[in-house]
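# Residue-level structure breakdown
Okay, here's what each chain looks like letter by letter:
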Amino acid sequence: MKKKQIYIARSGMILLAVLAGLFFTGCIHYNAKPMDAAGNLEALSGRSLTDDGLHGFVNANIPGGITRWPLESWDLDRLSLAALYFNPKLEVAKAAYAEARAAQTTAGERPNPSIGVTPVYNASTPSGSISSWILGINFDIPMETMGKRKFRQSEAQHLSKAALMQLATAAWEVRSNLRQAMVDLWAIRKQTVLFDRKLVSAEALARISEAQFSAGDIGRNELMTARLLLQQARLDCGKARGDAAGALLRLSVAVGLSPHALDNVGIDFSGFEIIPSIIPSADARRTALLNRADILGSLATYEAKESALRLEIAKQYPDVSVGPGYEFDQGDNKWQIGFQLTLPIFNRNRGRIAEAEAKRKSAAAEFMSLQASVLGEIETAAAAFQNDRQQLMTADEMLEQTRRQADVIRKQYTAGAVSRQAVLSSQLEEIIAALARLGLKVTAQISMGKLEYALQTPLDTVKMPTVSVLMEEK
């Protein structure tokens, strides 16, 4: 009998040891990843458009690939890919998506069973008769009811989709900011060329005016007008050069590079010279209203709230715990099985259900508000783009008229019919008209960028990479 008791006790200990071994061998171990501010700063400072990882990313997302690396020039499409590769805002969105994916694993996990060992020593047992020890082993196996695990998984899946759509929205925001930075730099460089031409004409006109004033041919007012024009031309040139440096810095930041990483990089602005004449159709606008990333994300959030409500309703019904057990009681083998559930007496989870219903209603209101906002954004952007194109066409006609007039005056000067001063004045008028047209062209490009963002569809460039491409590790 005593040997049997010792055998049973040892068997119980061996069972516990085996279970403990299985537990510890399946554990995930902690891996430290300390943040190094200095090292991170060095990595950020070392980023460039010659990066090997960027090479592969650009090559995979440019139709037909690229045949030469590093690229000699970077246009909007290629810089957009660089921004999608480097910009830290996307890393934040990727991390949020990874967190949502991890939550899906958590939602699908089943509750673990538990085991309890209760050794008891009976001090009243007569010595030498039977063992004074009583060994009890109890299991507790929780069992969820009413599909709670399914509803948790559904909620986590919808939240994961919402996080993925937030990543896509972040990608569009990065591209929109990059495009605006490129337009700013392009506009300033175009202005600089025109301001330089204006300065040359203003200097020549000022010299002629000085000579005419010295000869008594014009009064001081005419001379002061020429001097003020020259002074303004010099100020415009100086400001344009300073603005160009600042715009280049902003473009570097928009890409996700260090401030001076683009100082010696060739940038192709030719795509901004053409304004598309096509206004997106009603079908394209409807597609955006149904399939924009933020709208799909808002829908996914609503579906997650729907699943959360179903989960809270299911929680009205208690889960069951099954507890089989064994007890070695002073020589007697005793088997038992128990059932346990929470009695829904004091509450039936009505508070949590009401909260979930309110959150679902709030998500529905947010979706409807977002869709209405997107509708207004698309229509406003389309109307502004159409209006800016019309004004640009008018400016084109005015500039053409000014150029024809300037050509006439130059021919008259060659024939000796007008003075050099008249030629310079016509040149200044032509430059002023060109500056006005450039301003309207920049405005049209800005409107076009807003329309692209509202539709989340490029109007004249290659398509954006899919979110699956954005999730690729560097």
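The written sequence of each chain sets the order in which its residues are numbered from 1. Selection of residues for local features in this predicted model requires a pLDDT of at least 70, selection of side-chain atom pairs for listing and counting requires 80 or more, and totals for whole chains, interfaces and linings are taken over all residues. Each side-chain value is derived from all of the structure's non-hydrogen atoms; neither hydrogens nor water enter the calculation.

## Here we look at the overall build of the chain
The condition is simple: Numbering of helices and strands starts at the N terminus; helices are DSSP runs of H or I of at least 4 residues and strands are runs of E of at least 2. Our radius of gyration is a C-alpha quantity, and the globule rule it is checked against amounts to 2.2 Å times the number of residues to the power 0.38. What makes two residues a contact is simply this: any of their non-hydrogen atoms within 4.5 Å. All accessible areas in this document rest on Shrake-Rupley with a 1.4 Å probe, and a residue is counted as covered only by the protein chains that are shown.
Within the chain one finds 12 helices and six strands. Taking 474 residues into account, the globule formula puts the C-alpha radius of gyration at 23 Å, and the chain, at 38 Å, lies well above it. Taking the principal axes of the C-alpha coordinates as reference, the chain spans close to 140 × 45 × 45 Å. Of the contacts made within the chain by residues no fewer than 6 positions apart, 79% connect residues no fewer than 24 positions apart. Element-wise, carbon and sulfur atoms account for 57% of the exposed surface of the chain, whose accessible area totals about 27,800 Å².

## With respect to the environment of Gln405
Inclusion rule: When a residue's accessible area, from a 1.4 Å probe over protein chains only, is under 20% of the maximum for its type it is buried; when over 50% it is exposed; and in between it is partly exposed.
Inspection of the secondary structure puts Gln405 in helix H10 (residues 350-414). Relative accessible area serves as the criterion here: at 44%, Gln405 is assigned to the partly exposed category.

## Thoughts on the side chain of Asn349
Summarising the element assignment, Asn349 is placed in the loop between strand E6 (332-341) and H10. Setting aside residues up to four positions removed in sequence, Asn349 forms contacts with Glu312, Lys315 and Gln316.

## As for the packing of aromatic side chains
One pair of aromatic rings is described through two measures. These are the centre distance and the angle between the planes. Let me state the cut-off plainly: Any two of the Phe, Tyr and Trp rings considered here, Trp counted by its six-membered ring, make a pair once their centres fall within 6.5 Å; the pair's planes then place it as stacked at under 30 degrees, edge-to-face at over 60, or tilted in between.
One pass over the full model with this rule turns up six aromatic pairs. Between Trp186 and Phe272, the aromatic rings sit 5.8 Å apart at their centres with planes inclined by 35 degrees, giving tilted as the arrangement. Of the two residues, Trp186 is situated in helix H6 (residues 148-214) and Phe272 in the loop between strand E4 (266-267) and helix H8 (282-291); the sequence distance between them amounts to 86 residues. A relative accessible area of 3% places Phe272 in the buried class. Here a set of aromatic residues connected by ring pairs shows up, and it is made of Phe57, Tyr85 and Phe86.

## Considering the environment of Val120
Turning to its location among the elements, Val120 is positioned in strand E2 (residues 114-121). On the accessibility criterion, Val120 (40% relative accessible area) is partly exposed. Along the backbone, Val120 and Leu135 are 15 residues apart, and their C-alpha atoms lie at a distance of 6.3 Å. Apart from the residues lying within four places of it in its own chain, the contact partners of Val120 are Ser132, Trp133 and Ile134.

## Structural notes on unusual backbone geometry
In this structure, Pro70 follows Trp69 across a cis peptide bond, with omega equal to 0 degrees. Positive phi outside glycine occurs at Met146, with the angle close to 60 degrees. Secondary-structure assignment places Met146 in the loop between strand E3 (133-143) and H6. Classification of Met146 by relative accessible area gives partly exposed; the value is 48%.

## Quick look at the pattern of salt bridges
Where we set the bar: Salt bridge criterion: a side-chain nitrogen from Lys or Arg within 4 Å of a carboxyl oxygen from Asp or Glu.
Tallying each qualifying case throughout the model produces 21 salt bridges. Linking Lys94 and Glu91 is a salt bridge whose minimum nitrogen-to-oxygen distance equals 3.6 Å. With Lys94 and Glu91 both in helix H5 (residues 88-108), this residue pair falls three residues apart, about one helical turn. In this structure Lys94 comes out as buried when scored by relative accessible area, which is 12%. Of the residues examined, Glu91 reaches a relative accessible area of 33% and is grouped as partly exposed.

## Some remarks on the packing of H8 against helix H9 (residues 293-314)
Quick reminder of the rule: For every element, the axis is a line fit to its C-alpha atoms; helices are fit only across the contacting stretch, and the angle between N-to-C directions ranges from 0 to 180 degrees. Put simply, Ala, Val, Leu, Ile, Met, Phe, Trp, Tyr, Cys and Pro go in the nonpolar bin, Asp, Glu, Lys and Arg in the charged bin, and everything else, Gly too, in the polar bin.
It is the contact of H8 with H9, at a shortest axis distance of 6 Å, that shows an interaxial angle of 35 degrees. Residues Ala288, Leu289, Leu290 and Asn291 of H8 pack against Ala293, Ile295 and Leu296 of H9. Considering only residue class, the contact of H8 with H9 consists of six nonpolar, one polar and no charged.

## Regarding the sheet that holds E6
Backbone-to-backbone hydrogen bonds pair the strands of a sheet. The strands run either parallel or antiparallel. Counted only if it meets this: What makes two strands pair is DSSP finding at least two bridges between them.
If you walk across this open sheet you meet the four strands as E2-E3-E5-E6, and the pairing is antiparallel. The sheet terminates laterally at E2 and E6, the two strands that pair on one side only. Across the sheet, the axes of successive neighbouring strands diverge by a mean angle of 15 degrees, strand direction being ignored. Note: strand E5 (residues 320-329) against E6, 10 bridges, orientation antiparallel. Across the sheet, residue Glu327 finds its bridge partner in E6, namely Lys334.

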